Amino acid sequence: MPHQSIVSTIGDRIATITLNRPDKLNALNRVTITELGTAIAEARTDPSVGGIILTGAGRAFAAGADISEIKGLSAIEAQATSERGQLVFRSIETSPKPVIAAVNGFSLGGGCELAMACHIRIASESAKFGQPEVKLGLAPGYGGTQRLPRLVGAGRALHLLLTGETIDAAEALRIGLVTRVVPNEELQSVARTLMTQILANGPLALALTIDAVHRGLGISLETGLTLESSYFGVLAASADAVEGTGAFLEKRAAKFVGR
């Protein structure tokens, strides 16, 4: 069945998932969240996909949640809505395949939270970021209070969360919310070039590196170092490591198989 609110394409081992409600600035309504979860699950399990690029159609990446669906919710209904979104965003964050957010415009509220769930964020020069929920008498519900301080530090995060300010791409780069800012017309090609560079590396190494970083954020340094050593051991004994080290010594390109 075709999706109503997203477009998903695959080419050169890259799945590109585009939020496609440009008339609503790609606001994250229930249908969009559900379809995004389905598309991410499909990309994670598709053997022809090595990585995922997430972007938006039109002048927005995603301009937040659909306020018309939130107004009037009971506490139980609102919590359930938050948990549904968090589950989808967590599936992005824990993907063993790298996920790049190509932020092409407004990335506000739930849209900013969606970008933060991706492994890497690059932005067009026209991109805008913010968590304006307090202006509506709300707080972030899709992970903003947890991921933003982990990315930019508690002080900067609280400034943005408590004021509801919107920042431009240059400021997002300065504080570490994104890693690169490029001209609008170059965003998609830069995202694909970056993903192609990543996918030239060993897929098992990519997956375990992603996992080690995210697990490490929730455990002590000592436990994290033990985890890293165990993953290093697994990888050193893998067919990919045999191929990668052999290719390095023989001065040729490696041909990884993911095991």
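Small disclaimer: the values here were computed from a predicted structure and weren't measured.

Asker: Lay out helix α11 (residues 239–250) with the relevant residues and their values.
Answerer: Taking 1.5 Å of rise per residue, the 12 residues of α11 would be expected to cover 16 Å, and the 16 Å separating its terminal C-alpha atoms lies within 8% of that figure. Along α11, the residues that are buried comprise D240, E243, G246 and A247. One side of α11 carries all its buried residues, which in axial view fall inside an arc of 140 degrees. Counted as exposed and oriented over 90 degrees from the buried face of α11: V242, F248 and L249. In this structure, the buried residues of α11 make contact with α9 (203–216). In the segment just after α11, K251 is the residue with positive phi, at about 60 degrees.

Asker: Describe the sheet that holds strand β4 (residues 60–62), naming the residues involved and giving the relevant values.
Answerer: Taken together, the four strands give an open sheet; going across it, the order is β4-β6-β8-β9, and neighbouring strands pair in mixed fashion. At either end of the open sheet lies a strand with only one pairing partner, and these are β4 and β9 (166–168). Pairs of neighbouring strands in the sheet enclose a mean axial angle of 20 degrees, with direction left out of account. Sheet topology note: the β4/strand β6 (residues 106–108) ladder contains two bridges and is parallel. Bridging from a neighbouring strand, A62 pairs with S107 of β6. Contacts from helix α4 (residues 110–117) reach β4, β6 and β8 (128–130) within the one sheet, and its direction differs from that of β6 by about 95 degrees.

Asker: Break down the pairing of strand β7 (residues 120–124) for me, citing the residues and quoting the values.
Answerer: Buried residues dominate β7, accounting for four of its five residues. Bridge analysis of strand β5 (residues 99–103) against β7 gives four bridges, and the strand direction is parallel. For I100, the partnering residue across the bridge sits in β7 and is I120. Relative to strand β10 (residues 180–182), β7 is paired through three bridges, and the arrangement is parallel. Residue pairing in the sheet places S124 in a bridge with V182 of β10.

Asker: Give me the pattern of salt bridges: which residues, what numbers.
Answerer: On inspection of all chains with the given rule, the structure shows eight salt bridges. Among the ionic pairs, R192 bridges to D12, the shortest N-O distance being 3.8 Å. With R192 in helix α8 (residues 187–199) and D12 in the loop between β1 (6–11) and β2 (14–19), this pair connects stretches of sequence that are 180 residues apart. Its salt-bridge partner being D211, residue R215 comes within 2.6 Å of it at the nearest N-O pair. Separated by four residues within a single helix, R215 and D211 lie in helix α9, roughly one turn from each other. Of the residues examined, R215 reaches a relative accessible area of 48% and is grouped as partly exposed.

Conventions used here
- Residues numbered from 1 in each chain as written.
- Predicted model: local features only at pLDDT ≥ 70, side-chain atom pairs only at ≥ 80, totals over all residues.
- Heavy atoms only, no water.
- Helix = DSSP H or I, 4+ residues; strand = E, 2+ residues; numbered from the N terminus.
- Expected span 1.5 Å × (residues − 1).
- Buried < 20%, exposed > 50% of the residue type's maximum accessible area, 1.4 Å probe, protein only.
- Arc of directions from axis to C-beta.
- Contact = heavy atoms within 4.5 Å.
- Pairing = 2+ DSSP bridges.
- Axes fitted to C-alpha atoms, helices over the stretch in contact; angles between N-to-C directions.
- Salt bridge = Lys/Arg side-chain N within 4 Å of Asp/Glu carboxyl O.

Remember, this is a structural readout, not a statement about activity or role.
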